[in-house]
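The residues making up each chain are set out below.
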Amino acid sequence: MKATFQYLAKKPLEKNIKRDVSRVLLYFNEIDNINLSAIKWDIFIFNRNNAHYDTLLYFCRLICEDAIANQDKGSKKFRTIEDRLLPSLFEKFIFAFYKKHLPYSVSFQQQIKWKTKNAKMLPKMSADTIISTDDIKLIIDTKFYSKTLQSNRFSDNQTVISSNLYQIFAYVKNEASWIIEKPVSGMLLYPQVDKPLKYTYNIDGNSFFVQTVNLNEEFSSIKQELFDIFAQVKNNAEFNNSSNHAPKFN
């Protein structure tokens, strides 16, 4: 703790930040300093009794490993932590956000059953977030890449990343085979990198969405964007339902 106070004295921080941090540090008077580089983050095991520390430790790891960055242009790039930590953090953030703010059933890492009598040796399908309303079931698969689209090696054309689309297609078609009371839709949700993406496809009777959310904005803007993304899905479902029930004339 002594080293921390010396750091605060030398670091050119704003006075109100120094004051607030100093007050918080008083609560940790009896706690020894530790070597942050010696922490083995991957050995932590979470269960029902300590699961609420999971997200907090993710943020601590981001800070300690100096991994927080924004999308401004520059020479800096994400380190290897991008492949291991940030995707999981983004995945949990999307689930927690919709769980908190939507008045619907929102599940995390729910297993999707294969439409087969013999699933032996088949890999498990685990959806990141599933939102169920009276009218629709939405499966969200979050992805965190430095590039949102894939480029054709022979041209400048860009397309949705093939493996991502195949994965969400498998989730939706297998889940839809078990559910007849409402349509099942799928969404690939990415952090915005270069430009926003907002695409809707109808493939074999199911709706699929490819969306981005700009995490480089204030939280109020991120919140509104996530609401708008879900509203688009609901509006699409309502439009399809009204079209299906529209009177037909000979």
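All of these numbers come straight from a predicted model, not from anything done at the bench. (Residues numbered from 1 in each chain as written. Predicted model: local features only at pLDDT ≥ 70, side-chain atom pairs only at ≥ 80, totals over all residues. Heavy atoms only, no water.)

J.: Can you help me understand the sheet that holds strand E7 (residues 198–203) in this one?
T.: Within a sheet, neighbouring strands are paired by backbone hydrogen bonds and run either parallel or antiparallel to one another. Overall, mixed pairing links the six strands, which are arranged E1-E2-E3-E6-E8-E7 in an open sheet. Since the sheet does not close on itself, it has two edges, and those belong to strand E1 (105–112) and E7, each with one partner. Within this sheet the neighbouring strands show an average axis-to-axis angle of 25°, counted without direction. As paired strands, E7 and strand E8 (residues 206–213) are joined by six bridges and run antiparallel to one another. Of the residues in E8, the one forming a bridge with Lys198 is Gln211. Here helix H6 (residues 162–176) sits on the sheet and contacts E1, strand E2 (125–132), strand E3 (137–142), strand E6 (184–191), E7 and E8; the angle it forms with E6, its principal contact strand, is near 155°. (Pairing = 2+ DSSP bridges. Helix = DSSP H or I, 4+ residues; strand = E, 2+ residues; numbered from the N terminus. Axes fitted to C-alpha atoms, helices over the stretch in contact; angles between N-to-C directions. Contact = heavy atoms within 4.5 Å.)

J.: Whenever I open this one, the packing of aromatic side chains confuses me. Can you help?
T.: Aromatic rings considered in pairs are described by the distance between their centres and by the relative angle of their planes. Applying the stated criterion across every chain, the model contains 11 aromatic pairs. Relative to Tyr98, the ring of Phe97 has its centre 5.4 Å away and its plane inclined at 75°; by these criteria the two rings are edge-to-face. By the burial criterion, Phe97 is buried, and Tyr98 matches it. With a centroid separation of 6.3 Å and 45° between ring planes, the pair formed by Tyr145 and Tyr190 is classed as tilted. Note that Tyr145 is positioned in the loop between E3 and strand E4 (149–151) and Tyr190 in strand E6, a separation of 45 residues in sequence. Residue classification places Tyr145 among the partly exposed residues on the basis of a relative accessible area of 32%. In this structure an aromatic cluster arises from ring pairing among Phe93, Phe97, Tyr98, Tyr104, Phe219, Phe227 and Phe230. Its end group placed over the ring of Trp178, Lys113 keeps NZ or CZ at 4.2 Å from the ring centre. Over the face of the ring belonging to Trp178 we find Lys115, whose NZ or CZ atom lies 4.4 Å from the ring centre. (Phe/Tyr/Trp six-rings, centres within 6.5 Å; stacked < 30°, edge-to-face > 60°. Buried < 20%, exposed > 50% of the residue type's maximum accessible area, 1.4 Å probe, protein only. Lys NZ or Arg CZ within 6 Å of the ring centre and 35° of its normal.)

J.: What's the story with H6 in this structure? I'm lost.
T.: Note: α-helices contain 3.6 residues per turn, so residues at a spacing of three or four share the same orientation. Here H6 is 15 residues long and its end C-alpha atoms lie 21 Å apart, about the 21 Å a rise of 1.5 Å per residue gives. Inspection of H6 places Asn164, Ile168, Tyr171, Val172, Asn174 and Glu175 among the buried residues, and these make up the whole buried set. (Expected span 1.5 Å × (residues − 1).)

J.: Explain the environment of Leu62 to me, please; I cannot follow it from the model alone.
T.: You can see Leu62 is positioned in helix H3 (residues 54–64). Leu62 sits 23 residues away from Leu85 along the chain, and the two C-alpha atoms are 8.2 Å apart.

J.: Looking at this structure, how should I read the side chain of Gln232?
T.: Within the secondary structure, Gln232 sits in helix H7 (residues 219–244). If we ignore the near neighbours within four places in the chain, the residues touching Gln232 are Lys198, Thr200, Phe209 and Gln211.

J.: Just checking my understanding: could you explain unusual backbone geometry for this structure?
T.: Among all residues save glycine, negative phi is the norm, and among peptide bonds the norm is trans. Of note, Gln109 is a non-glycine position whose phi angle comes to about 55°, a positive value. With respect to the element layout, Gln109 can be found in strand E1. With relative accessibility at 31%, the residue Gln109 sits in the partly exposed group. One non-glycine residue, Met121, adopts positive backbone phi at about 75°. Mapped onto the elements of the fold, Met121 is located in the loop between E1 and E2.

J.: Teacher, can you tell me more about the packing of H3 against helix H5 (residues 86–101) here?
T.: When two helices pack together, their arrangement is given by the angle between their axes and by how far apart the axes lie. For the pair H3 and H5, interaxial distance at closest approach is 11 Å and the crossing angle is 140°. What the angle tells us is that H3 and H5 run oblique. Our pair here, H3 against H5, has a crossing hand that is left-handed. Contacts between H3 and H5 involve Asp54, Thr55, Tyr58, Phe59 and Leu62 from the former and Leu86, Ser88, Leu89 and Lys92 from the latter. Residue classes in the contact of H3 with H5 are distributed as five nonpolar, two polar and two charged. (Parallel < 35°, antiparallel > 145°, perpendicular 65-115°, else oblique. Left-handed = near helix turned anticlockwise from the far one by under 90°. Nonpolar A, V, L, I, M, F, W, Y, C, P; charged D, E, K, R; others polar.)

J.: I keep staring at the confidence of the model for the protein and nothing clicks. Help me out?
T.: Put simply, the protein has an average pLDDT of 81, and 82% of its residues get 70 or more. Within the model, the stretch residues 78–82 combines pLDDT values under 50 with 13 contacts to residues more than four positions away or in other chains. Counting contacts from residues 245–250, a segment whose pLDDT is below 50, to residues more than four positions away or on other chains yields zero contacts. (pLDDT = per-residue confidence, 0-100.)

J.: Even after reading the chapter, I still don't get the pairing of E8, so can you show me in this structure?
T.: As a general feature of sheets, a regular strand has side chains that alternate between the two faces. Judged by how many residues are buried, E8 sits mostly within the fold: eight of eight residues are covered. Side chains Asn206, Phe208, Val210 and Thr212 project from E8 onto one buried face, and the interleaved Ser207, Phe209, Gln211 and Val213 project onto a second face that is buried too. Here E6 runs beside E8; their pairing, made up of six bridges, is parallel. Residue Leu188 lies in a different strand from E8, and its bridge partner there is Val210.

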